[in-house]
Amino acid sequence: MTKENKKKIDNARLKYKPDRVKTLLIAEAPPDSLERFFYYENVRERDYLFLGVTEALYPNLKEEFIASGRTPEKKSIILNKLKKEGYFLIDLSDTPISLLNDIPVETFVPNLIEKVKKVADTNTNIILIKANVYDLAYKELAKLGYKVVDIRIPFPSSGQQTNFQRTFRQALTLTNRK
């Protein structure tokens, strides 16, 4: 990934970073098509994680967003609501999986722990999204005293949307956030 793309992603993420992160969501990596990044306002299709999270937290706002034709203005409203309520998303890898050139994703766990230390404390709820992220990071983060939800949540695509909704809502219930 180019430095320019990384900076663009970092800036988009920081724009919606809460002053205090109450619930940290950790996914695997930015999408292979960088224009579909969670924190970009103008994503017209295949915005799976954003739509899944929004459906679980704000079903009415998701309907309004879809009905609006997925306008950047509506997405910005939802992203600001996530920010205001203390939700923040980071990734295990800062680089899309397709660009890792066979570097195993588990090599990014130490870097992930450093990223978590910068945005979370032991009162922050942590929800791991995607089974391999859970498998790689759950024990490491729990060992450090973080409040990591002990549920394997699938990524909300490839037919896993219903399972994502069920398990993500269970995770929210365990954090007392829903």
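The structure under discussion appears in the preceding block.
Now for a quick tour of the structure. Worth saying up front: this structure is predicted, and the values here are computed from it rather than measured. (Residues numbered from 1 in each chain as written. Predicted model: local features only at pLDDT ≥ 70, side-chain atom pairs only at ≥ 80, totals over all residues. Heavy atoms only, no water.)

## Things to note about the overall build of the protein chain
Reasoning step 1: Of the regular secondary structure elements, the protein chain holds seven helices and four strands.
Reasoning step 2: Across its three principal axes, the protein chain shows a C-alpha extent of roughly 45 × 40 × 35 Å.
Reasoning step 3: When burial is assessed residue by residue, the protein chain has 49% of its 178 residues classed as buried.
Reasoning step 4: For the protein chain, the proportion of contacts with a sequence separation of at least 24, taken over those separated by at least 6, is 68%.
Reasoning step 5: A total accessible area of about 9,100 Å² is found for the protein chain, and carbon and sulfur atoms account for 49% of it.
Reasoning step 6: When the 31 basic and 23 acidic side-chain charges of the protein chain are each reduced to a single mean position, those positions are 4 Å apart. (Helix = DSSP H or I, 4+ residues; strand = E, 2+ residues; numbered from the N terminus. Buried < 20%, exposed > 50% of the residue type's maximum accessible area, 1.4 Å probe, protein only. Contact = heavy atoms within 4.5 Å. Areas by Shrake-Rupley, 256 points an atom, 1.4 Å probe, with all protein chains shown as cover. Lys, Arg positive; Asp, Glu negative; His and termini not counted. Charge placed at Lys NZ, Arg CZ, Asp CG, Glu CD.)

## Here's the deal with the packing of helix 5 (residues 109–119) against helix 6 (residues 131–143)
Reasoning step 1: Contact geometry for helix 5 and helix 6: axes closest at 10 Å, N-to-C directions at 50°. The orientation of helix 5 with respect to helix 6, classified from their angle, is oblique. The crossing of helix 5 and helix 6 is right-handed. Here Val109, Leu112, Ile113 and Val116 of helix 5 lie close against helix 6, whose contacting residues are Leu136, Ala137, Glu140 and Leu141.
Reasoning step 2: Looking at the contact of helix 5 with helix 6 residue by residue, the class counts come to seven nonpolar, no polar and one charged. (Axes fitted to C-alpha atoms, helices over the stretch in contact; angles between N-to-C directions. Parallel < 35°, antiparallel > 145°, perpendicular 65-115°, else oblique. Left-handed = near helix turned anticlockwise from the far one by under 90°. Nonpolar A, V, L, I, M, F, W, Y, C, P; charged D, E, K, R; others polar.)

## A closer look at the sheet that holds strand 2 (residues 87–91)
Reasoning step 1: The strand order across the open sheet formed by four strands is 2-1-3-4, and the pairing between neighbours is parallel. Strand pairing shows two members of the sheet lacking a second neighbour, strand 2 and strand 4 (147–148), which therefore form its edges.
Reasoning step 2: Sheet topology note: the strand 3 (residues 125–128)/strand 4 ladder contains two bridges and is parallel. Within strand 4, the residue paired with Asn125 across the bridge is Lys147. (Pairing = 2+ DSSP bridges.)

## Structural notes on the environment of Val119
Reasoning step 1: By secondary structure assignment, the location of Val119 is in helix 5.
Reasoning step 2: Distance in space between the C-alpha atoms of Val119 and Leu24 is 8.3 Å, their sequence separation being 95 residues.
Reasoning step 3: When near neighbours in sequence (up to four residues on either side) are disregarded, Val119 contacts Lys17, Val21, Leu24 and Phe88.

## Description of unusual backbone geometry
Reasoning step 1: Although it is not a glycine, Arg46 adopts a positive phi angle of roughly 55°.
Reasoning step 2: Here Arg46 lies in the loop between strand 1 (23–27) and helix 2 (48–57).
Reasoning step 3: One non-glycine residue, Lys130, adopts positive backbone phi at about 105°.

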